[in-house]
Amino acid sequence: MRVLVLYVDRDGDLKAQGFETPVVGRDEVLRLAIRYILANPDDSDANAVFAAVKIYDRLTSEYGVENTNVAVISGSPDPAVADVVVVKELEQVLALYDADAIYFVSDGPSDEAAIPAIQSKRPVMSVYRVVVKQARGVEETVTLFRYYLNKAVKEPEYRRYTVGIPALLIFILLFGNTFNIEVIRYMINIVFLFMAFFIMIYGFGIYDFLRDVLKRYEVTFIITVVSMFIVVIYLASLFLGVQIIPSYVLLAVAVIPYVSYVSEAYIVNRKIRYGGIIAGGVTFFFFYLLFPVITKQGSGLLEVLTAIGEFLAAVFLTVVAVYIARRVLER
């Protein structure tokens, strides 16, 4: 197998500094890395180019010099045409060295956005992200923070998220306060509350878990996150003794993710996910039969046991009904 170690500078930093791409071959790439790091000693792109050379040296011991090569290509600061430029330069590289697979090297997620474009030409066998180690002193930390803050505020690719959206939310909030519009303030509070919830599930890894499970079902993923948010708000308000969400809304949002999953799975795969139907039925009967009893103050033991019995019976009937429906449909 012929392998190409490829460093992709998707946003065109190399070209902005006056370096021509594509560059093919160990010696040429190494020469580029030395020239670039002398001109920009604090830039992670140079470290990534050196890393590409290092990976090339490792792979030559496994595949041989004749079956391994290294190259650097660059895109454009305009996101609309960056991948087009990347593919064009990749075609030039492949004309010189026809690789069977690509070992992708990057210095961050922005460059890795070019992977689908790369895969349209050759399969990507591995992705290696270069993480530059930084000094831990206060001055270095402040300098690094200022660098990335300046990057986030000035570059159009990030500015719309770091400046535009927060400014829009603050504008709407202040607009509501100025004209005393309670509905607007309430809606903005809900938005900020959802953002805090989203950051929380991202920090605890729940986001990654859901993304892995539902990676093929994007609509269901979004609906699940929103439903989890509403359920958490309901439980928190119930704990505080202030019920702001009706119980029927809780019942609906608890079941909607399963309905979306079964529907989207059928649209994508033309298969009925019977497990999703059973899980949705179990969730429905839990919140309909059992949850109101165990959360109601003053519920007696007999009432709780009765609710558990009804819940188990409903689950059993759901499983039987789904099993019969599956046998009938598969005939």
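Up top is the structure these notes are about.
Our subject in this report is the structure included herewith.

About the criteria used
Residues numbered from 1 in each chain as written. Predicted model: local features only at pLDDT ≥ 70, side-chain atom pairs only at ≥ 80, totals over all residues. Heavy atoms only, no water. Axes fitted to C-alpha atoms, helices over the stretch in contact; angles between N-to-C directions. Helix = DSSP H or I, 4+ residues; strand = E, 2+ residues; numbered from the N terminus. Parallel < 35°, antiparallel > 145°, perpendicular 65-115°, else oblique. Left-handed = near helix turned anticlockwise from the far one by under 90°. Contact = heavy atoms within 4.5 Å. Nonpolar A, V, L, I, M, F, W, Y, C, P; charged D, E, K, R; others polar. Buried < 20%, exposed > 50% of the residue type's maximum accessible area, 1.4 Å probe, protein only. Polar contact = N/O pair within 3.5 Å; in protein donor to acceptor, adjacent residues only side chain to side chain. Expected span 1.5 Å × (residues − 1). Patch = residues over 30% accessible without salt bridge, like charges linked within 9 Å, V, L, I, M, F, W, Y side chains within 5 Å. Areas by Shrake-Rupley, 256 points an atom, 1.4 Å probe, with all protein chains shown as cover. Salt bridge = Lys/Arg side-chain N within 4 Å of Asp/Glu carboxyl O.

As for the packing of helix α2 (residues 26-39) against helix α3 (residues 44-63)
Link 1 in the chain: Relative orientation of the contacting elements α2 and α3 amounts to 155°, with a least axis distance of 9 Å. As summarised for this structure, α2 and α3 are arranged roughly antiparallel, according to the angle between their axes. Of the two possible hands of crossing, α2 and α3 adopt the one that is left-handed. Residues Arg26, Val29, Leu30, Ala33, Ile34, Tyr36 and Ile37 of α2 form the contact with α3, whose participating residues are Asp45, Ala46, Val49, Phe50, Val53, Tyr56 and Asp57.
Link 2 in the chain: Broken down by class, the residue content of the contact of α2 with α3 amounts to 11 nonpolar, no polar and three charged.

Digging into the environment of Glu264
Link 1 in the chain: By the secondary structure assignment, Glu264 is in helix α12 (residues 247-269).
Link 2 in the chain: Judged by its relative accessible area of 14%, Glu264 falls in the buried class.
Link 3 in the chain: Between the alpha carbons of Glu264 and Tyr7 there is a distance of 37 Å; along the sequence they are 257 residues apart.
Link 4 in the chain: At 3.4 Å, the side chain of Glu264 and the backbone nitrogen of Val219 are in polar contact.

Quick word on helix α4 (residues 79-96)
Link 1 in the chain: A rise of 1.5 Å per residue sets the reference length of α4, with its 18 residues, at 26 Å; its end C-alpha atoms lie 27 Å apart and thus fit the reference within 8%.
Link 2 in the chain: Those residues of α4 not exposed but buried are Ala82, Val86, Val87, Glu89, Leu90, Val93 and Leu94.
Link 3 in the chain: Taken together, the buried residues of α4 touch β1 (3-9), α1 (13-16), β2 (23-24), β3 (68-74), β4 (101-106) and α6 (115-119).

Here we look at a nonpolar patch on the surface
Link 1 in the chain: Side chains of Val183, Tyr186, Met187, Ile190, Leu193, Phe239, Leu240, Val242 and Ile244 sit close together on the surface and give an oily, nonpolar patch of about 980 Å² of accessible area.
Link 2 in the chain: Where the nonpolar patch is concerned, the elements lending two or more residues are α9 (182-203) and α11 (218-240).
Link 3 in the chain: A total of five residues in the nonpolar patch trace back to one element, the largest contributor, which is α9.
Link 4 in the chain: Relative to the helices and strands, Leu240 resides in helix α11.

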